[in-house]
Amino acid sequence: MKKKINKQLMLISSIAVVITVLLMATVFYHILQAQVIEDLRVYAYMLAPSGIPYGTETDQNRLNKDGMRITVIGADGSVLYESDADVTAMDNHLERPEVQEAIQNGEGQTVRRSSTMGMNTFYYTVLLDDGSVLRVARESHSIWSILYQSLPVFLVTLILLLIVCLVLSRYLTKSLVSPIEQMAADMDHIEGANVYEELVPFAETIKAQHEAILSNANMRQEFTANVSHELKTPLAAISGYSELIESGMASGQDAVRFASGIHQSANRLLTLINDTIRLSELDVMKQVEPFEEINLYELARDSVEMLQIRADEHGVILSMEGSPCTVRGDKQMLEELIYNLCDNAICYNNIGGSVSVNVGIEAGQTILRVRDTGIGIPKESQERIFERFYRVDKSRSKSTGGTGLGLAIVKHIVAVHDAHISLVSEVGRGTEITITFSNQNQSCAAL
Ligand code: ADP
């Protein structure tokens, strides 16, 4: 990056210097040309009335000193007078453009490359009264010689400019890059880095991402520790029971009891592992595509039917109400969601209590509500029950086969469906959990 900025700055300044030099030389050359022609014109008109070679000697000396060359060309093109050379050796000048111009327009001018390297000869002609043409000429620098002469100045300027660019680009890149380097060196204190205005959104995004990565890493670490801890208890029970059977200490009814203990612990392990795998799957899944049209009412009704036996076991009355309604979603996930909510409502209930499932449209949005008359959730735990492995009453959860992962799975499924979850609960009175599906994700109508 630094090298790139350096190179580009130098390139830009070099181009700028070259263009400036070329422009300046062209402008300068044009001014010079105009000036020379003007000088020649003044001289020509000064000499014209007297006619050359009738000009005074002083005049001629002065003209020679100024580098002027005077020629008088007769009407037939023969050279009548030439201040610089022998007239007899000169060819006919009638076809010279400046002579032709003077004959036609009374005056003329032209510029020709000189025999001297890097010089141009400027000519100015005036038609005299006797039909002859007076020509005043002078040599001056060509544009190339002007450029050539300005080459040292040009090179020195270029070198100076490149040095300035080098220093400037160092400073520039440093001030551009150093806040980024500072941020990279210490991700935990990004706000401490001397960040310039344009970098603020970038710094904020990086900071948010860094924090998200950290909290994710923490969560995973905590999750792994929790999973290991949860697995330990049933494994220890299995190990203990099997050891007793192996040593022959348990026989008859005891052996059956221990085998049943092993069976239960193994089941618990299986549920735990299944829930953990499910959560990991949901973790990596951001959006399930394509969603299909699901009849939420039918899905809830089937789940309720399936859970009737479980409700009976717990002495809980399970009912379903509402109106047919569809949402776009993933059938298996929505089934899981309804199952987990209903299962909790049954398990954390009292004998003779009730659970009612409601599906329908409220305020134009599809809702799924599970209401129970169970034990309720204390205020301080209401936020936390969606956390992994959080249980209000650990022993009660374990006795019903809970893993503490059910609501974490629910939270994930709700997020995948772009839905919203709300909870109202009161200890001793019951709990009501409502899932509201967003408008885009529903196609509801009273079927
Ligand atoms: P678990 O497998 O323990 O049921 P969940 O994640 O499903 O785990 O629930 C977390 C905790 O939230 C439960 O242990 C329980 O204490 C509480 N909880 C969940 N649903 C209800 C409910 N309907 N009534 C009372 N408490 C509930």
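Source: prediction; values computed, not measured. Every chain's residues receive numbers from 1 upward, in the order its sequence appears when written. Where local features are concerned, this predicted model is filtered to residues with pLDDT of at least 70; where side-chain atom pairs are given and counted, the filter is 80 or more; whole-chain, interface and lining totals use all residues. The basis for the side-chain values is all heavy atoms of the structure; hydrogens and waters are excluded.

**Q** A description of the overall build of the protein chain should follow, citing residues and the corresponding values.
**A** Strands are runs of DSSP state E lasting at least 2 residues, helices are runs of H or I lasting at least 4, and numbering of each runs from the N terminus. Along the backbone of the protein chain there are 12 helices and 12 strands. Against the compact-globule benchmark of 22 Å for 447 residues, the protein chain has a radius of gyration of 51 Å, which places it well outside the compact range. Relative accessibility under 20% of the residue-type maximum defines a buried residue, over 50% an exposed one, and the middle range a partly exposed one, all with a 1.4 Å probe and only protein chains included. In the protein chain, which comprises 447 residues, the share counted as buried stands at 38%. Any two residues whose heavy atoms approach within 4.5 Å at even a single point are treated as in contact. Put simply, 62% of the contacts in the protein chain that link residues at least 6 apart link residues at least 24 apart. Throughout, the radius of gyration refers to the C-alpha atoms, and the reference size of a globule is 2.2 Å times the residue count to the power 0.38.

**Q** An account of the sheet that holds strand 7 (residues 317-322) is requested, with residue identities and associated values reported.
**A** Reading across from one edge, 7-9-10-12-11 is the order of the five strands in this open sheet, with mixed pairing throughout. The sheet terminates laterally at strand 7 and strand 11 (419-426), the two strands that pair on one side only. Sheet twist, expressed as the mean angle between neighbouring strand axes with direction ignored, is 10°. Two strands pair if DSSP finds at least two bridges between them. Two elements, strand 10 (residues 365-372) and strand 12 (residues 430-437), share six bridges in a ladder whose sense is antiparallel. Paired with isoleucine 367 across the strands is threonine 436, a residue of strand 12. Each of strand 7, strand 9 (354-362), strand 10 and strand 12 is contacted by helix 8 (residues 296-313), which is oriented at about 170° to strand 7, the strand it contacts most. Its contacts with the sheet put helix 9 (residues 331-347) on strand 7, strand 9, strand 10 and strand 12, and the angle it makes with strand 10 is roughly 25°. Axis definition: a line fitted to C-alpha atoms, over the contacting stretch in the case of helices. Angles run 0 to 180 degrees between N-to-C directions.

**Q** Could you give an account of the sheet that holds strand 4 (residues 119-127), with specific residues and numbers?
**A** Ordered in space as 2-1-5-4-3, the five strands form an open sheet in which the pairing is antiparallel. The strands lining the two open edges of the sheet, one partner per strand, are strand 2 (79-82) and strand 3 (107-113). When strand polarity is set aside, the average angle formed by the axes of neighbouring strands in this sheet is 20°. The pairing of strand 1 (residues 68-73) with strand 2 spans three bridges and is antiparallel. Looking at strand 2, one finds that threonine 71 is bridged to glutamate 82. Across the sheet, helix 1 (residues 2-47) touches strand 1, strand 3, strand 4 and strand 5 (133-141), and the angle it forms with strand 4 is around 35°. Against the sheet, helix 3 (residues 97-105) makes contact with strand 1, strand 3, strand 4 and strand 5, and its axis sits at roughly 170° relative to strand 3, the strand it touches most.

**Q** Give a description of helix 8 that names residues and reports values.
**A** Expected span of a helix, by definition, is 1.5 Å for each gap between consecutive residues, and there is one gap fewer than residues. The first and last C-alpha atoms of helix 8 sit 26 Å apart over 18 residues, in line with the 26 Å expected at 1.5 Å per residue. The largest bend along helix 8 measures about 45° and falls at leucine 307. The term polar contact refers here to a pair of N or O atoms within 3.5 Å; inside protein, the definition further demands a hydrogen-donor-capable atom paired with an acceptor-capable atom, and it admits residues adjacent in sequence only when both atoms are side-chain atoms. With a side-chain oxygen lying 3.2 Å from the backbone nitrogen of tyrosine 297, the N-terminal cap of helix 8 falls on asparagine 295. Backbone geometry just downstream of helix 8 places glycine 315 in the positive-phi region, at approximately 65°. Bend at a residue means the angle formed by two fitted axes: the first through the 7 residues ending at that position, the second through the 7 residues beginning there.

**Q** Describe the site of the ligand, listing the residues and the values that go with them.
**A** Throughout this document, a residue counts as near a molecule or strand when at least one of its heavy atoms sits within 4 Å of that molecule or strand. What surrounds the ligand is a group of 18 residues, the closest being Asn344, Tyr348, Ser397, Thr403 and Leu407. In the model, an oxygen atom of the ligand is placed 2.8 Å from a nitrogen or oxygen of the glycine 404 main chain. Contact distances for the ligand include 2.8 Å between an oxygen atom and a backbone N or O atom of leucine 407. Look at the ligand: alone it shows 530 Å² of surface, and the protein chains cover 96% of it. When residues of the shell around the ligand are traced back to their parent elements, those giving at least two are helix 9 and helix 12 (406-416). Residue-level accessible areas treat just the shown protein chains as cover; the underlying method is Shrake-Rupley with a 1.4 Å probe.

**Q** Any chance you could break down the nonpolar core for me, citing the residues and the numbers?
**A** In these notes, a set of buried Ala, Val, Leu, Ile, Met, Phe, Trp, Tyr and Cys residues joined through side-chain atoms within 4.5 Å is what counts as a nonpolar core. Among the nonpolar cores identified, the biggest contains 49 residues, and Leu318, Leu337, Leu341, Val357, Leu368, Ile435 and Phe437 are the most heavily contacted of them. Counting residues per element, this core draws most heavily on helix 9, which supplies eight residues. Domain start and stop points were drawn from an automatic or database domain assignment. Residue assignment places this core across two domains, with domain 2 (187-284) and domain 3 (289-443) each supplying three or more. Counting 19 residues, the second-largest nonpolar core is a separate cluster that includes Leu40, Leu47, Ile70 and Leu134.

**Q** Summarise the environment of leucine 334; cite the residues concerned and give the values.
**A** You can see leucine 334 is positioned in helix 9. Judged by relative accessible area, leucine 334 falls into the buried class, the value being 1%. Here the alpha-carbon distance between leucine 334 and isoleucine 413, two residues 79 residues apart in the chain, equals 7.4 Å. Excluding residues within four positions of it along the chain, leucine 334 makes contact with Ile294, Leu296, Leu299, Val327, Gly329, His417 and Phe437.

**Q** Explain the pattern of salt bridges to me, using residue names and the numbers behind them.
**A** Oppositely charged side chains are able to pair whenever their charged atoms sit close together. Each reported salt bridge corresponds to a side-chain nitrogen of Lys or Arg within 4 Å of a carboxyl oxygen of Asp or Glu. Counting across every chain of the model gives 18 salt bridges. Across the pair glutamate 98 and arginine 135 runs a salt bridge whose closest N-O atoms are separated by 2.8 Å. Here glutamate 98 is found in helix 3, whereas its partner arginine 135 is found in strand 5, with 37 residues between them in sequence. The class for glutamate 98 is buried, based on a relative accessible area of 0%. Counted as one network, the salt bridges with shared partners bring together Glu362, Arg369, Arg371 and Glu432.

**Q** Outline the side chain of aspartate 275, listing residues and values.
**A** Along the chain, aspartate 275 turns up in helix 7 (residues 253-284). For aspartate 275, the contacting residues outside a window of four places in its chain are Thr403, Leu405 and Ile409.

**Q** Now, about the side chain of glutamate 98: what can you tell me, with residues and values included?
**A** There is a polar contact of 2.8 Å between the side chain of glutamate 98 and the side chain of arginine 135. Sequence-distant contacts of glutamate 98, defined by excluding residues within four places in its chain, comprise Gly108, Gln109, Thr110, Arg112, Tyr123, Thr125 and Arg135.

**Q** I'd like to hear about unusual backbone geometry, residue by residue, with values.
**A** Positive phi, close to 50°, is recorded for alanine 363, a residue that is not glycine. Position of alanine 363 among the secondary structure elements: in the loop between strand 9 and strand 10. Phi is positive for phenylalanine 389, close to 70°, though the residue is something other than glycine. Relative to the helices and strands, phenylalanine 389 is located in the loop between helix 10 (379-382) and helix 11 (394-399). You can call phenylalanine 389 buried: its relative accessible area is 8%.

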